[in-house]
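Given next are the chains, with one letter for each unit.
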Amino acid sequence: MRSTRWKAASRAAIALAGAGALAAGMALFVTAPASAGTTLGASAAEKGRYFGTAVAGFKLSDSAYTTILNREFNSVTAENEMKMNATEPQQNQFSYGAADQIVNHARSRGMSVRGHTLAWHSQQPGWMESMSGSALRQAMLNHVTQVATHFRGRVVAWDVVNEAFADGSSGGRRDSNLQRTGNDWIEAAFRAARAADPGAKLCYNDYNTDNWTHAKTQGVYNMVRDFKARGVPIDCVGFQSHFNNDSPYVSNYRTTLSSFAALGVDVQITELDIQGASANTYRSVVEDCLAVARCNGITVWGIRDSDSWRASQTPLLFNNNGSKKPAYDAVLAALNNGTTPTDPPTDPPTDPPTDPPTDPPTTPPPGPGGCTATVSVNQWTGGFVANVRVTAGSSALSGWTVTIALPSGATVTNAWSANRSGNTGTTNWTNVAYNGQVGAGQSTEYGFQANGTAGSLSPTCSAR
């Protein structure tokens, strides 16, 4: 749902180790940068890590934006330009111009590049959204092969599969058109990526997997453990870590990172943003990463608050005007004060706890009865993705309808986890079979992609 980007410290040269790095983890070798200890990327490089940011291609013409990018970061992730709808808008017709622009900008300045993402249930092109079965499976594998081949040698790590596990207590896979092609589709995508680019690290990436006690975290953990046991090529796990009032930072975050690392994979914080940009929380996240030998990098999801997909929550390290926030100072201090840990444990952790998490969500209580709907928007030039959260009131829902008036010129091109009526103007959205039952005070989510500008969306919700 999100993206990851980073930029290299001033004149920092980053090189991957050779063939041995594939098994040992992503090793970064940095020539002594002039700005060591004074910028995020340089300070991270001194600890053998990267500190990156998500980059939107159209903002590379913004000098204030690129000044911060080029100064502070040593890794870059394309925010939307490498996703499926951007790179293969028509079947077998690939478009790499915008992604190449970001890659070339990064590499010309010594930054490494993370690829995001090869296979995802969201932001699929319309032609793929309408496919199913073996035809979809082959189209997905062809996409993975073609895109990974195009960027071979220029991308150090790929989010091969993104957000394939369901929220909630099941710990199982998310229902999607890709999942319905067979439960082995994730494994098939990883094998195709390895064949296309043997030198890139291959990662699984997801959100709401920060709390070690959560079922979703354990579902991903069990998949990775199975992949490692059977020789499926997986090298790293990405934790998006979008911390907010509904999904706060938890004290067992370091346990989560170290437990996955003990399986023999690198762990990376791939899309970090924190509602309100708490300096203490940012510091804790960095310290947790530094404490785990195989946590080899952090990417924040944007540069300035105005660049964030959740700008109203002011979640990043720089204000709208580009000035450093207290969270920036806390991160830099944590990077400079940190030490390089010893090698990670080789034994896997003990079985995960079976008790439910003890820290309940802090979502504000909904109104009596009925339901409410809120929306977060990720806007780019010419399009946007909207994620809509439906929350039940004091009574459980057996079904729901959300109405959203789209601004003039906006047209829905893709949607997930909801049925829709209308693609322009006033649109109505109803639950699908698996998310109509919502307990009192509980929430479910759906989303859609559209062309145009989102403006100010104001969804309304009614119970069915």
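Before going into details, it helps to say that this report is about the structure given with it. (Residues numbered from 1 in each chain as written. Predicted model: local features only at pLDDT ≥ 70, side-chain atom pairs only at ≥ 80, totals over all residues. Heavy atoms only, no water.)

**Some details on the overall build of the chain**
Counting secondary structure elements, the chain contains 12 helices and 19 strands. Expressed as a percentage of its 464 residues, the buried residues of the chain come to 57%. Contacts spanning at least 24 positions in sequence make up 77% of the contacts within the chain whose residues lie at least 6 apart. Approximately 17,000 Å² of the chain is accessible, and the part contributed by carbon and sulfur atoms is 50%. (Helix = DSSP H or I, 4+ residues; strand = E, 2+ residues; numbered from the N terminus. Buried < 20%, exposed > 50% of the residue type's maximum accessible area, 1.4 Å probe, protein only. Contact = heavy atoms within 4.5 Å. Areas by Shrake-Rupley, 256 points an atom, 1.4 Å probe, with all protein chains shown as cover.)

**A few points about the packing of aromatic side chains**
This structure, assessed with the given rule, holds 15 aromatic pairs. With centroids separated by 5.6 Å and ring planes inclined at 90°, the aromatic side chains of Tyr-96 and Phe-151 adopt a geometry described as edge-to-face. With a gap of 55 residues between them, Tyr-96 in the loop between helix H4 (84-87) and helix H5 (97-108) and Phe-151 in the loop between helix H7 (133-150) and strand E6 (157-162) connect regions that are remote in the sequence. For the pair shown, Tyr-96 and Phe-151 are each scored as buried. Pairing Phe-243 with Tyr-249 gives two aromatic rings, centres 5.8 Å apart and planes at 85°, and the pair type is edge-to-face. A relative accessible area of 25% means that Tyr-249 is categorised as partly exposed. (Phe/Tyr/Trp six-rings, centres within 6.5 Å; stacked < 30°, edge-to-face > 60°.)

**Quick word on the state of the cysteines**
Enumeration according to the criterion identifies 3 disulfides in this entry. Residue pairing for Cys-203: its cysteine sulfur links by disulfide to Cys-236, the two sulfurs lying 1.9 Å apart. The disulfide joining Cys-203 to Cys-236 has a torsion of about -80° about its S-S bond and is therefore left-handed. Of this pair, Cys-203 sits in strand E7 (residues 201-206) while Cys-236 sits in strand E8 (residues 236-239); the two residues are 33 residues apart in sequence, bridging distant segments of the chain. Each member of the pair, Cys-203 together with Cys-236, is buried. The partner cysteine of Cys-289 in its disulfide is Cys-295, sulfur to sulfur 2.1 Å. Handedness of the Cys-289-Cys-295 disulfide follows from its S-S torsion of about -105°: it is left-handed. (Disulfide = S-S within 2.5 Å.)

Just distances and angles here, no functional claims.
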